[in-house]
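Listed here are the chains, written in short residue letters.
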Amino acid sequence: MTDTTLRHDWTHEEVQALFDQPFNDLLFQAQSIHRQHFDPNSVQISSLLSIKTGACPEDCAYCPQSAKYDTELEPERLLPVEEVKQAALNAKRNGATRFCMGAAWRNPTDRNLERVIEMISVVKDLGMETCVTLGMLTREQTHRLKEAGLDYYNHNLDTSPEYYGEIITTRSYQDRLDTLRHVQEARINVCCGGIVGMGEGEEDRVELLRQLANLPKHPESVPINLLVQVENTPLYGTDALDPLDFVRTVAVARILMPKSAVRLSAGRSDMSDELQALCFHAGANSIFYGEKLLTTPNPKENQDLELFKRLGIRPQSVRHSETGQNAA
Ligand code: SAM
Ligand code: DTB
Ligand code: SF4
């Protein structure tokens, strides 16, 4: 059913105008919209595991896992299912409600997919929501994942179509849109966002968010990553983004996609507690939790729980206030 309260026809100028508002006006608008759809003091938490690490044939300029850059990352083959189960159990004990498994592939082979399906099944049996990010998928593969009971597929647009060619040359923007369409058509929840702090201009952040909001359906979950700079990747040494521009990006995502979970994703290790608090005020209501992202550090669990306590935030599964469906 289409929701007529949600827009999919944003123009560049309209989105730019949201960014251009005075900071306080932008945050007030974002927080007001946030409160119409979500409990403002509740944050959903997901834990990540890299199930296949490094040696990736793609050339994403931000990524430590690309075989093209000498990042001193030790490549690892696809993990045994039992190891994945133990990691998920550990994440559950620490309070995560969703377990996200990432693989450094351009796309999975059908044999790869069989193994990932086993992993999805054991994680589901623990009572957790499942998410995987495996690269490009065919329509047929998305149907197999749906049958396996997968809850979310993560596939990011990463940046604007205009800046994209500066970042990745081994797959096109259209390839990404095609995979997203297959996932959406298979009725798997979509987790799709991007990365900022890659040297892009504000017009690229505008265009990234516009692309996301103008998809046929808003992604159920929108990860906003701040570039984690890894030595020997081409983006290492990029000028840091003004932290307030990061907050603006979160706020505009919240306004454009009012019912989606907006995830404060990679980059939290480089953020102060105060900056993260501003992001939650701007409408972020989901995080990656646990001391490692895929290959790089993330804040320790007790540090996040301490921050939640100071802010009066409860870690829990995000639910749409209107539909009662899981949103993130
Ligand atoms: N290989 C698959 C793919 O790229 O589709 C899945 C895994 S990939 C590591 C998942 C996402 O992580 C990327 O699309 C990118 O948005 C994010 N990512 C990777 N390296 C990052 C970095 N250094 N900083 C921030 N986000 C990053
Ligand atoms: C997403 O948007 N961010 C996560 C998850 N989806 C897979 C990955 C962040 C990776 C950061 C770099 C690393 O740890 O390798
Ligand atoms: Fe490979 Fe994904 Fe990293 Fe790109 S982001 S190099 S596809 S692991």
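As a starting point, this report considers the structure included with it.

Thresholds, definitions, all that
- Residues numbered from 1 in each chain as written.
- Chains lettered and ligands numbered in written order.
- Predicted model: local features only at pLDDT ≥ 70, side-chain atom pairs only at ≥ 80, totals over all residues.
- Heavy atoms only, no water.
- Phe/Tyr/Trp six-rings, centres within 6.5 Å; stacked < 30°, edge-to-face > 60°.
- Buried < 20%, exposed > 50% of the residue type's maximum accessible area, 1.4 Å probe, protein only.
- Helix = DSSP H or I, 4+ residues; strand = E, 2+ residues; numbered from the N terminus.
- Arc of directions from axis to C-beta.

## Considering the packing of aromatic side chains
Any aromatic ring pair is given by two values, namely how distant the centres are and how the planes are angled relative to each other.
Then, in step 1: In total, this model carries 2 aromatic pairs according to the counting rule given.
Then, in step 2: Here the aromatic rings of Tyr164 and Tyr173 are separated by 5.3 Å at their centres, their planes lie at 85°, and the arrangement is edge-to-face.
Then, in step 3: Tyr164 sits in the buried class, given a relative accessible area of 4%.
Then, in step 4: Judged by relative accessible area, which is 10%, Tyr173 ranks as buried.
Then, in step 5: Here Phe280 and Phe308 contribute two aromatic rings whose centre-to-centre distance is 6.1 Å and whose plane-to-plane angle is 70°, an arrangement assigned as edge-to-face. Of this pair, Phe280 sits in helix H10 (residues 273–281) while Phe308 sits in helix H11 (residues 301–311), and the two are 28 residues apart along the sequence. With respect to burial, Phe280 and Phe308 carry one shared label: buried.

## So, helix H5 (residues 139–147)
Then, in step 1: Along H5, the residues classified as buried are Gln141, Thr142, Arg144 and Leu145. All buried residues of H5 lie within an arc of 160° about the axis, which places them on one face of the element.
Then, in step 2: Just downstream of H5, Gly149 is the residue with a positive phi angle, here 95°.

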